[in-house]
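Read off the chains here:
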Amino acid sequence: MKSLLRLTLSVLIISLVACSILQREGRYFSHASTISKVDAIGSIPMRISLEQNWTDQTRMDFWFTSQGSRIIPYSWFMWLEQADSRALFRDAGHMEQLRYLPVASSAVNPAGLPIGFALDTDTQTGDAWLGLTCAACHTNQLDYQGTKILIEGAPTLANFVLFYQRLVNALTVTGKDDAKFERFAKRVLASDYSAESAAELRNSVLQISLAVAQRQLVNALPATYPADFTSYARLDAFGNIQNAASAFALHDLTNRNPPTAPVSYPFLWGTHQSDVVQWNASAPNTPIVGPLVRNIGEVVGVFGDLSITEAPWWQRVLGKKNSYSSTVKMLGLGHLEAWVKDLRSPQWPQQYLPGIDATKAAQGSVIYQQQCASCHQEITRSDEGQDYIAVKTPLIEVGTDPAMAWNAAHHKANTLILEGTKKDIIVGDKFSVQAPAIELAVNGVVGLVLKNPGEALKAGLIPEEHGKRSLLADELSSIEDYLQVNLAAREKLTVATKAASLLSESELHGLVYKARPLNGIWATAPYLHNGSVPNLWELLQLPEERIAEFWVGSREFDPVRVGYRVDQGLSKYRVRDDGGEVTPGNSNLGHRYGTELSDQQKWSLIEYMKTL
């Protein structure tokens with residue numbers, strides 16, 4: 001049955017070549033002017049917020065400012081039922097089961113959706129869309145003895161793949177089931193309901209059901225991977241971004257790579273201050289344009305609808321071959337980045353969690369300097385707003401799972417319409433028939449920046465405090481100048497990888513993982529970049545002795561081992577397959593630092609890390 005399903009999906013992908021999620025016709029019956037506030041469905045929990053240098057207004061803005069992501073029409077999500085029941089999809093209990101964070105209705109969250117589920121309005125048509133924003137993946141809640149603590153910027157425990165699978169199923173069933181569709185249509189159309197409008201709506205539902213199913217198919221895993229491989233608290237976002245460019249933007253759904261390297265969602269505090277971002281340290285954080293470029297890439301990966309097509313004839317006469325379009329909202333990204341710049345790490349809340357043993361922590365501080373500080377530099381809380389240079393540890397040295405770094409560097413895709421054009425549009429060699437998949441995504445992002453240079457520059461300047469600019473910002477005058485600096489820095493970061501790949505693609509030389517300061521690390525389980533280690537205690541065990549199977553999805557915090565409970569949850573994380581072999585992407589080996597310490601020393605080190 002499973003192999004038949006995979007075969008069916010492959011056939012569907014081939015039959016949908018050249019289709020684009022942008023090529024939608026028909027009315028969507030979800031105009032911004034018709035979206036009214038409704039009560040959230042189900043119980044909204046009371047949560048405790050910690051001091052992280054944000055006001056309540058900043059929190060709300062970060063949760064619901066649109067970045068241009070569009071999944072389905074907003075009113076559809078308001079009234080869509082779950083596939084197997086009459087309960088609404090947005091029901092708080094259902095969304096909590098998926099480990100998203102339900103909150104009450106408000107002016108900016110009219111449907112009472114979870115944190116990070118934003119209303120996006122098309123400025124030209126007025127259509128209202130549901131999309132995701134940063135907060136959906138970078139906000140979390142940990143529970144301890146009945147207290148629910150909200151952590152801004154922390155990695156979510158959500159299961160995005162399961163969420164999307166259920167959304168696709170719900171839309172598909174709604175389009176096919178007469179009774180379910182009738183209930184849906186009467187709610188969506190309200191006073192505009194008629195047999196004719198319902199028929200038109202049904203046609204639109206079928207069209208968009210197909211479009212959202214395309215994304216699920218393009219990002220499907222090989223048949224050899226278990227269904228719960230991605231599961232809770234991790235996602236192959238890099239793979240999704242690559243496919244958004246190679247398959248969707250270039251309009252060939254077979255031009256894809258399977259997203260086989262899911263990773264933990266990184267925590268956000270310190271992101272703006274680091275010289276590089278991404279687990280594999282592949283994106284330079286150069287002034288003005290660096291944060292904008294990485295954020296546009298992120299939106300492209302979460303329904304930003306990037307499209308690259310042949311330019312109009314009059315532009316081709318002027319030497320411009322291709323045209324770039326997207327729903328990305330750069331000004332929204334500028335504001336989101338500004339808020340992230342102000343975000344600070346959470347301090348261990350001793351009023352809600354067991355107190356820190358000061359004696360042990362003092363002993364652990366000395367051990368940290370000996371065992372950890374050379375990679376994970378210490379930054380005092382008063383200096384968290386200052387820039388820092390992250391340590392890039394060679395993969396062959398750290399020894400952790402190579403899948404993310406390997407896929408990012410070695411996934412290839414056909415260049416199609418981009419063949420013969422400059423890799424980075426304004427600089428770089430010309431694309432040949434094939435190229436690294438991530439370079440196609442970079443090309444698309446650069447194209448969007450160059451399409452709206454004034455807006456891009458304005459968005460890039462928003463995070464600069466009170467209009468102050470860095471020295472580099474004072475020296476440069478155009479977005480093209482900032483792009484040149486960013487692209488040169490990106491090229492420098494990948495030189496070692498490219499050189500190594502020329503020698504042998506079976507080697508890991510040239511690949512690195514980023515080591516960050518560990519401020520707030522206590523609130524960011526699971527650990528290692530791929531989430532293969534559930535808590536700090538297990539991280540300090542010899543790699544071959546770490547637990548290889550544990551529950552994920554539990555919010556219940558373990559303040560002793562520092563992580564979430566592993567004896568309860570919603571899904572099992574398994575390092576090894578049924579044959580006893582390590583599943584690629586799931587290895588919990590490597591990072592041997594501190595593993596030779598005595599148990600007493602390990603507990604002291606953990607106690608100290610609670611203070612960070």
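Just so it is clear, the structure is predicted and the values come from calculations on it, not from any experiment.

Further remarks concern the overall build of the protein chain. Helix and strand content of the protein chain: 21 helices and 20 strands. Taken against the 2.2 N^0.38 rule, which gives 25 Å for 612 residues, the C-alpha radius of gyration of the protein chain at 24 Å falls within 12% of a compact globule. In terms of overall dimensions, the protein chain has a C-alpha envelope of 75 × 55 × 55 Å along the principal axes. When each of the 612 residues of the protein chain is scored for burial, the buried share is 57%. In the protein chain, once contacts between residues fewer than 6 apart in sequence are set aside, the share between residues at least 24 apart is 75%. On the protein chain, roughly 25000 Å² of surface is accessible, and the fraction owed to carbon and sulfur atoms is 54%. Averaged over its 55 positive side-chain charges, the protein chain has a centre that lies 3 Å from the centre of its 63 negative ones.

Under the defined criterion, the tally for this structure stands at 0 disulfides. Here Cys372 is not disulfide-linked; the sulfur of Cys375 is the nearest cysteine sulfur, at 8.9 Å. With relative accessibility at 14%, the residue Cys372 sits in the buried group.

Right, let's get into the packing of helix α10 (residues 289-301) against helix α16 (residues 437-451). Contact geometry of α10 with α16 gives a least axis separation of 9 Å together with a crossing angle of 115 degrees. α16 is crossed by α10, and the crossing has right-handed handedness. Judged by residue contacts, Val293, Ile296 and Gly297 of α10 engage Val445, Leu448 and Val449 from α16. Class assignment for the residues of the contact of α10 with α16 results in 5 nonpolar, 1 polar and no charged.

The next thing to look at is the side chain of Thr524. With respect to the secondary-structure elements, Thr524 resides in the loop between β16 (512-515) and α20 (536-539). The class for Thr524 is buried, based on a relative accessible area of 5%. Among the polar contacts made by the side chain of Thr524, one reaches the main-chain carbonyl oxygen of Ile521 at a distance of 2.8 Å. Aside from chain neighbours lying at most four places away, what touches Thr524 is Pro155, Phe267 and Trp269.

Let's shift gears to the environment of Asp429. With respect to the secondary-structure elements, Asp429 resides in the loop between β14 (412-414) and β15 (434-436). For Asp429, a relative accessible area of 65% translates into the label exposed. Each residue touching Asp429, except ones within four places of it in the same chain, is listed here: Thr421, Lys422 and Lys423.

Core analysis: the largest hydrophobic core is formed by 103 residues, its most contacted members being Phe62, Ile151, Ile296, Tyr368, Trp522 and Met609. Among the elements that take part in this core, α16 stands out by supplying 9 residues, more than any other. Beyond its immediate chain neighbours, meaning those up to four positions away, Ile151 contacts Leu50, Gln52, Thr139, Asn140, Leu142, Trp269, Pro346, Trp522 and Ala523. Core analysis: the next-biggest nonpolar cluster, separate from the first, contains 53 residues, Ile71, Phe77, Met78 and Leu171 among them.

What follows is about the sheet that holds strand β4 (residues 128-132). Spatially, β2-β4-β3 is the arrangement adopted by the 3 strands of the open sheet, whose pairing is antiparallel. Every other strand in the sheet has two partners, leaving β2 (72-73) and β3 (117-121) as the edge strands with one partner each. As paired strands, β3 and β4 are joined by 5 bridges and run antiparallel to one another. Residue pairing for β4: Asp120 is matched across the bridge by Trp129.

Spatially, 3 strands are ordered β1-β6-β5 in an open sheet, and the strand pairing comes out mixed. In the strand order of this sheet, the two ends are held by β1 (48-49) and β5 (139-144), each with one partner.

When the pLDDT values of the protein chain are averaged, the result is 91; 92% of them are 70 or greater. Under a pLDDT of 50 for its full length, residues 1-26 has, in the predicted model, 49 contacts with residues more than four places off or in other chains. pLDDT under 50 marks residues 469-473. Its contacts with residues more than four places away, or in other chains, come to 10 contacts.

The next thing to look at is the packing of aromatic side chains. As enumerated under the stated definition, the model contains 23 aromatic pairs in all. Measuring from centroid to centroid gives 6.1 Å for Trp76 and Phe184, while their planes differ by 80 degrees, and the two rings are edge-to-face. On the criterion of sequence distance, the pair formed by Trp76 in helix α3 (residues 74-79) and Phe184 in helix α7 (residues 178-189) is long-range, its members being 108 residues apart. A network of ring pairs unites the aromatic residues Phe77, Phe89, Tyr100, Phe117, Phe160, Phe163, Tyr164 and Phe303 as a single cluster. In this structure, Lys186 packs its charged tip against the face of Tyr193, placed 5.8 Å from the ring centre. The ring of Phe267 has Arg516 sitting right over it, with the charged end atom 3.9 Å from the ring centre.

As a further point, take the pattern of salt bridges. Scanning all chains against the criterion turns up 26 salt bridges. Note that Glu152 is salt-bridged to Arg59, the shortest N-O span being 3.1 Å. In this pair, Glu152 sits in strand β6 (residues 147-152) while Arg59 sits in helix α2 (residues 56-64), placing the two residues 93 residues apart along the sequence. Note on Glu152: relative accessible area 1%, which makes it buried. Assessed through its relative accessible area of 7%, Arg59 is described here as buried.

Note that the residue after Ala525, namely Pro526, is joined by a cis bond; omega there is 0 degrees. Mapping Pro526 onto the fold places it in the loop between β16 and α20. At Ile288, a position not held by glycine, the phi torsion is positive, near 70 degrees. Looking at where Ile288 falls in the secondary structure, it is placed in the loop between β10 (283-284) and α10. Backbone geometry at Leu416 places phi at a positive 50 degrees, although glycine is not the residue there. By the secondary structure assignment, Leu416 is in the loop between β14 and β15. A relative accessible area of 35% means that Leu416 is categorised as partly exposed.

Basis of the calculations
- Residues numbered from 1 in each chain as written.
- Predicted model: local features only at pLDDT ≥ 70, side-chain atom pairs only at ≥ 80, totals over all residues.
- Heavy atoms only, no water.
- Helix = DSSP H or I, 4+ residues; strand = E, 2+ residues; numbered from the N terminus.
- Rg over C-alpha atoms; globule rule 2.2 N^0.38 Å.
- Buried < 20%, exposed > 50% of the residue type's maximum accessible area, 1.4 Å probe, protein only.
- Contact = heavy atoms within 4.5 Å.
- Areas by Shrake-Rupley, 256 points an atom, 1.4 Å probe, with all protein chains shown as cover.
- Lys, Arg positive; Asp, Glu negative; His and termini not counted.
- Charge placed at Lys NZ, Arg CZ, Asp CG, Glu CD.
- Disulfide = S-S within 2.5 Å.
- Axes fitted to C-alpha atoms, helices over the stretch in contact; angles between N-to-C directions.
- Left-handed = near helix turned anticlockwise from the far one by under 90°.
- Nonpolar A, V, L, I, M, F, W, Y, C, P; charged D, E, K, R; others polar.
- Polar contact = N/O pair within 3.5 Å; in protein donor to acceptor, adjacent residues only side chain to side chain.
- Core = buried A, V, L, I, M, F, W, Y, C linked by side-chain atoms within 4.5 Å.
- Pairing = 2+ DSSP bridges.
- pLDDT = per-residue confidence, 0-100.
- Phe/Tyr/Trp six-rings, centres within 6.5 Å; stacked < 30°, edge-to-face > 60°.
- Lys NZ or Arg CZ within 6 Å of the ring centre and 35° of its normal.
- Salt bridge = Lys/Arg side-chain N within 4 Å of Asp/Glu carboxyl O.

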